[in-house]
Amino acid sequence: MATAIAEIALKSDTSLASHDVIQIAGINTHVYGVDQAVKQAAANPQTSHWIVLHLAHPRTRSYTYTERMAHLVLDSYYKASDSADGTPLPPLLAVTFDLRNHGERKVSEKANEDWARGNLMHAQDMFSGIIGTAQDVELVIDMLPAYLDPLILLRGKSAEGVTAPTKVVNVVSGVSQGGHISWQVAATGKAVAVVPIIGSPYLTFMLLQRLLVQVRKLESTEADAVLNAVGVPLYELSYADLQAKVFKGKSDHLEQYWPEALHKLVAAADNRVFTGISQHKVSVRIINSREDPLVPARFSLPWLKQQGVLTEEDTSPLLFQQDNVGHVCTPVMVDELSEHLVRVVRSM
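Residues numbered from 1 in each chain as written. Predicted model: local features only at pLDDT ≥ 70, side-chain atom pairs only at ≥ 80, totals over all residues. Heavy atoms only, no water.

Asks: Sorry, what's going on with the pattern of salt bridges here?
Replies: Proximity of charged atoms lets side chains of opposite charge pair with each other. Enumeration according to the criterion identifies 14 salt bridges in this entry. In this structure, K11 engages D335 in a salt bridge whose closest nitrogen and oxygen atoms are separated by 3.0 Å. Residue K11 is found in the segment before β1 (19-24), and its partner D335 is found in helix α11 (residues 331-346); the two are separated by 324 residues along the sequence. Under the relative-accessibility criterion, K11 is labelled partly exposed at 41%. For D335, a relative accessible area of 28% puts it in the partly exposed group. D75 is paired through a salt bridge with K79; the nearest N and O atoms lie 3.0 Å apart. Taken together, the positions of D75 and K79, both in helix α2 (residues 63-79) and four residues apart, correspond to about one turn of that helix. Using a relative accessible area of 11% as the deciding quantity, one classes D75 as buried. (Salt bridge = Lys/Arg side-chain N within 4 Å of Asp/Glu carboxyl O. Helix = DSSP H or I, 4+ residues; strand = E, 2+ residues; numbered from the N terminus. Buried < 20%, exposed > 50% of the residue type's maximum accessible area, 1.4 Å probe, protein only.)

Here it is as C-alpha cells:
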C-alpha cells in the first residue's frame, strides 16, 4: 500500500462547524459551516456574497482528512477580526469529497500506488485521477449554489430572513494530489484564488522526475539535472524530442511507462496551467516544503519564473516555504492557508 501522508490534527480549542452531506451527480459532497454562515449572514444582512473554500485531500486519504482542515480554517476565519473599516467578513463554507478512486469511491488499491510499488501505469492512473477530480470540483462549483437555498431552509427559524447569496466566490486548496488538482482548477478561472499545498503546477516535470528516480534509479538531483538540461519546458517537447533529449533514444522505459498519448495529455494540461491562470487573473498562494522529497517547492519555480515573480534567490511573494519538514501538510501550513484566505477576502 502507498505510504499515507500524515493526518491533520484538530487543535484543542477548535470549534467544530456544522456538517451537511448532499449528493451532487452521485458524489457525496460534504459541506461544512452552513449554521455558522447563516448566523453570519443574519447578523450582516447587507452581505450579498458568500465564500466557498473547496478542499481536495491527498492520495491514499479520504474526505475525513480535509474535513479536519475545514474545521480548522472555519474556526480561524470566524475568529479573525473585522476589516479596518469595520466591515465584517462574509459567510464562509468549506466543501470536500472523496477524490476519484479514494474513500467510498475506491475501485482499485493498486491504481493509487506508484512505480516503486509495482504500478506500471502510475502516471496514467495519477494523471487521470487529477484531471477527473478537477472536473468534479468544477462541477461542484457550478452546482453548489443550486443547493444552498434548501440547505438554509432546513435551518428553520434560525435562518429566518436569510436566503442563498446572490454571488458565490470560490477558492480552491488541496494537499499533495489535492494540490495538483488545485492547479488544474485554477487554469479554468472558476476560482478567484487557489492555495496549492505541497502540489505541483508542472506535472510533466514531476512525473518524469519520479520516473527517472523510481524506474531508472537516478538520484533526485541527477534526475533534476537531466530534465533541466533540456533547456525548454518539457511540455513543449514532441515525443520524439523527449525520447532523444531525456531518454537518449532508449525507449524501453519511455514507451512502457510514458506512452506518447499520455505525454500529449500531460503536456496539454501543463500548458493550460502555465497560460490560463494569468489570463483568468487567479490569485495564487503556493505553500510548500523546501525539503519535500516527493513534491518539493522547486517544482513550482518554473511557473513562478514564467509569471515574472521569482527572484534570483528563488524566492517569491507568492511562495510560502516551510523548512525542515518533508512531504506533509503541517499546522503551520494550515494556518497560512487560513490567514491567506482572510487576506484574499478582505482584498475583494
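Asks: Please clarify how helix α9 (residues 260-279) should be interpreted in this entry.
Replies: For an α-helix, the turn length of 3.6 residues means that residues three or four places apart are oriented alike. A rise of 1.5 Å per residue sets the reference length of α9, with its 20 residues, at 28 Å; its end C-alpha atoms lie 28 Å apart and thus fit the reference within 8%. Maximum bend of α9: about 25°, positioned at V273. Residues L262, H263, V266, A267, A269, D270, V273, F274, G276 and I277 constitute the buried set of α9. Just downstream of α9 lies K281, where phi reads positive at about 55°. (Expected span 1.5 Å × (residues − 1). Bend = angle between axes of the 7 residues up to and from the residue.)

Asks: Looking at this structure, how should I read the side chain of R59?
Replies: Its place among the elements puts R59 in the loop between β3 (49-56) and α2. Despite being buried, R59 has no salt bridge partner; D114 is the closest side chain of opposite charge, sitting 4.5 Å away. Separated by 2.6 Å, the side chain of R59 and the backbone oxygen of N112 make a polar contact. (Lys, Arg positive; Asp, Glu negative; His and termini not counted. Polar contact = N/O pair within 3.5 Å; in protein donor to acceptor, adjacent residues only side chain to side chain.)

Asks: Just to check I follow, could you spell out the pairing of strand β9 (residues 319-322) for this structure?
Replies: When a strand is regular, its side chains alternate between the sheet's two faces. Burial along β9 is two-sided: L319 and Q321 and F320 and Q322, pointing in opposite directions, are all buried. Sheet analysis places strand β8 (residues 286-289) next to β9, joined by four bridges and oriented parallel. Paired with N288 across the two strands is Q321, which belongs to β9. In this region the chain leaves β8, passes through helix α10 (residues 301-306) and returns to the parallel neighbour β9; the handedness of that crossover is right-handed. (Pairing = 2+ DSSP bridges. Right-handed = clockwise from strand over helix to strand, strands pointing away.)

Asks: Got a minute to help me understand α2 in this structure?
Replies: Here α2 spans 24 Å end to end across 17 residues, near enough to the 24 Å set by a 1.5 Å rise per residue. Along α2, the residues that are buried comprise Y65, T66, E67, M69, A70, H71, L72, V73, L74, D75 and Y77.

Asks: In this structure, what is going on with the packing of aromatic side chains? I would like to understand it.
Replies: Given two aromatic rings, their pairing is described by the distance between the two centres and the angle made by the two planes. The tally for this structure, following the rule as stated, stands at eight aromatic pairs. The interplanar angle of 85° and the centroid separation of 5.3 Å between the aromatic rings of Y77 and Y78 together place this pair among those described as edge-to-face. Taking the relative accessible area as the measure of exposure, Y77 reaches 1% and is therefore buried. Pairing W115 with Y257 gives two aromatic rings, centres 6.2 Å apart and planes at 90°, and the pair type is edge-to-face. Residue W115 is located in the loop between β4 (92-96) and α3 (122-153), and its partner Y257 is located in helix α8 (residues 252-257); the two are separated by 142 residues in the primary sequence. Taking relative accessible area as the criterion, W115 reaches 8% and is therefore assigned buried. The class for Y257 is buried, based on a relative accessible area of 11%. (Phe/Tyr/Trp six-rings, centres within 6.5 Å; stacked < 30°, edge-to-face > 60°.)

Asks: Can you walk me through the environment of I287 in this structure?
Replies: Summarising the element assignment, I287 is placed in strand β8. Separated by 36 residues in the primary sequence, I287 and D323 place their C-alpha atoms 11 Å from one another. With residues up to four places along the chain from it excluded, the contact list for I287 reads V195, P196, I197, I198, F320, M333, E336 and L337. (Contact = heavy atoms within 4.5 Å.)

Asks: Whenever I open this one, the environment of R59 confuses me. Can you help?
Replies: We classify R59 as buried; its relative accessible area is 13%. Between the C-alpha atom of R59 and that of E113, which follows or precedes it by 54 residues, the distance is 9.1 Å.

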